[in-house]
Amino acid sequence: MRKNLQLKVQILFTILTNGYAYGFLNGKIYQGTLKYACVPGLNCYSCPGALGSCPIGALQAVLNQRNVQIPFGVLGFLFVFGSILGRFVCGWLCPFGLVQDLLHRIPLFQKRKRLPFHSVLKYGKYFVLIFLVVIGSVFLFGGFAKVPAFCKYLCPSGTLFGALPLLTGNQLLRSQAGGLFLWKFGILLVLVVLSVKIYRPFCQYLCPLGAVYGWFNRFSLVQIHWEEERCISCHACEGACPAGLSLKEISHSPECIRCGRCIHACPVECLHFRK
């Protein structure tokens, strides 16, 4: 039960934040007062079941304004969750993280923790954050008009949880789907296939929200504590880490999502969550 706790929390949180059943049944987006609040993970605003907003989508919406505004509300939200949880959000509270975890459990292909050239590719999420989320929203982008570039051109969570359910339930939208949808659907398909073989490729290489939360990992309140004096140097934790981190990188590295697998693997229980 302890081993499956992460999966249960992921499923429960996904249901709670995407529990607007009427939206799925009628192909409509919930637009009530709850949508003014963000949820911590990458949760598409356009998902018919979504009860809250995605922080990256909200950030782009503010930056897209005619007169550039500093998004104090969204930045404050990210600071609060980042300083408390860090990338624990990615490991436990993100719906698209759950999708990738489930895909990786499919018994196909020889599993790998990382793509080749990981040391370079891992900076892709910072590139996406800077150039698609920020610059693409503040400055001219895409035909001399401000656009939420990440959501429009890349976000696979929006395609999976937003576009596909809406297109399924709306004939008019299906007739209007064109090249942009095919582009984003192609990105989703590539990530789906990669997720079966590689552990969370979107989280590791492309997610701008993971880039933000990763900055807080070193000093966030929720940490994985290592009792070095009890450690027997068996390296079981390193073998269990799906991100391929060393013992000294666990918890502190921007790549650690605090999934807890290292804790379960330790035979002498010298690793544990600490608040």
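Structure's up top.
None of the values given here were measured: they were computed from a predicted structure.

(A) Broad picture of the overall build of the protein chain. Counting secondary structure elements, the protein chain contains 16 helices and two strands. Against the 2.2 N^0.38 benchmark of 19 Å for 275 residues, the protein chain shows a C-alpha radius of gyration of 19 Å, consistent with a compact globule. Taking the principal axes of its C-alpha atoms as reference, the protein chain extends roughly 60 × 40 × 35 Å. Scored against the burial criterion, the 275 residues of the protein chain give a buried share of 47%. Counting contacts in the protein chain only where the partners sit at least 6 residues apart, residues at least 24 apart contribute 73% of the total. Entry remark: accessible area of the protein chain is about 14100 Å², with carbon and sulfur atoms responsible for 69%. Averaging the coordinates of the 27 positive side-chain charges in the protein chain and doing the same for the 8 negative ones gives two points 17 Å apart.

(B) Region of interest: helix α4 (residues 72-85). With 14 residues, α4 ought to run about 20 Å at 1.5 Å a step, and its terminal C-alpha atoms sit 20 Å apart, in line with that. Taken as a whole, α4 has its buried residues at Val74, Phe77, Leu78, Gly82, Ser83 and Leu85. Against α3 (55-63), α5 (88-92) and α14 (208-214) lie the buried residues of α4.

(C) Local environment of the nonpolar core. One finds Leu42 and Phe150 to be the most contacted residues of the largest nonpolar core, which totals 50 residues. Within the residue set of this core, elements represented by two or more residues are α3, α4, α5, α6 (95-104), α8 (124-138), α9 (149-153), α12 (179-197) and α14. A per-element tally of this core places α8 first, with six residues. Leave out the neighbours within four places in its chain, and Phe150 touches Leu42, Ile56, Gln60, Val128, Leu132, Val133, Cys155, Phe202 and Pro208.

(D) Expanded view of unusual backbone geometry. Backbone geometry at Phe109 places phi at a positive 65°, although glycine is not the residue there. Along the chain, Phe109 falls in the loop between α6 and α7 (118-121). Classification of Phe109 as exposed rests on a relative accessible area of 54%. Positive phi is not limited to glycine here, since His235 has a value of about 65°.

(E) Summary view of the environment of Phe127. Structurally, the position occupied by Phe127 is in helix α8. Relative accessible area serves as the criterion here: at 51%, Phe127 is assigned to the exposed category. Residues Phe127 and Tyr20, spaced 107 residues apart in sequence, show a C-alpha to C-alpha distance of 33 Å.

(F) The packing of aromatic side chains, seen in detail. Inspection of the entire model under this criterion finds 13 aromatic pairs. For the ring pair Phe88 and Trp92, a centre distance of 5.1 Å and an interplane angle of 10° mean the geometry is stacked. Here Phe88 pairs with Trp92, and both are found in helix α5, just four residues apart, close to one helical turn. Relative accessible area serves as the criterion here: at 8%, Trp92 is assigned to the buried category.

(G) Expanded view of the pattern of salt bridges. Enumeration over the complete set of coordinates arrives at three salt bridges. Between Asp101 and Arg200 there is a salt bridge, with its nearest N and O atoms 2.8 Å apart. Residue Asp101 is found in helix α6, and its partner Arg200 is found in the loop between α12 and α13 (201-205); the two are separated by 99 residues along the sequence. We note that Asp101, like Arg200, is buried. Between Arg230 and Glu227 there is a salt bridge, with its nearest N and O atoms 3.5 Å apart. By relative accessible area, Glu227 is classed as buried at 18%.

(H) Focus on a nonpolar patch on the surface. Together, Ile106, Leu108, Phe109, Val192 and Val193 make up an exposed nonpolar region whose accessible area comes to about 420 Å². One can find Val192 in helix α12. Residue class for Val192 comes out partly exposed when judged on its relative accessible area of 30%.

The rules behind the values
- Residues numbered from 1 in each chain as written.
- Predicted model: local features only at pLDDT ≥ 70, side-chain atom pairs only at ≥ 80, totals over all residues.
- Heavy atoms only, no water.
- Helix = DSSP H or I, 4+ residues; strand = E, 2+ residues; numbered from the N terminus.
- Rg over C-alpha atoms; globule rule 2.2 N^0.38 Å.
- Buried < 20%, exposed > 50% of the residue type's maximum accessible area, 1.4 Å probe, protein only.
- Contact = heavy atoms within 4.5 Å.
- Areas by Shrake-Rupley, 256 points an atom, 1.4 Å probe, with all protein chains shown as cover.
- Lys, Arg positive; Asp, Glu negative; His and termini not counted.
- Charge placed at Lys NZ, Arg CZ, Asp CG, Glu CD.
- Expected span 1.5 Å × (residues − 1).
- Core = buried A, V, L, I, M, F, W, Y, C linked by side-chain atoms within 4.5 Å.
- Phe/Tyr/Trp six-rings, centres within 6.5 Å; stacked < 30°, edge-to-face > 60°.
- Salt bridge = Lys/Arg side-chain N within 4 Å of Asp/Glu carboxyl O.
- Patch = residues over 30% accessible without salt bridge, like charges linked within 9 Å, V, L, I, M, F, W, Y side chains within 5 Å.

Spatial relationships are all this shows, so hold off on functional conclusions.
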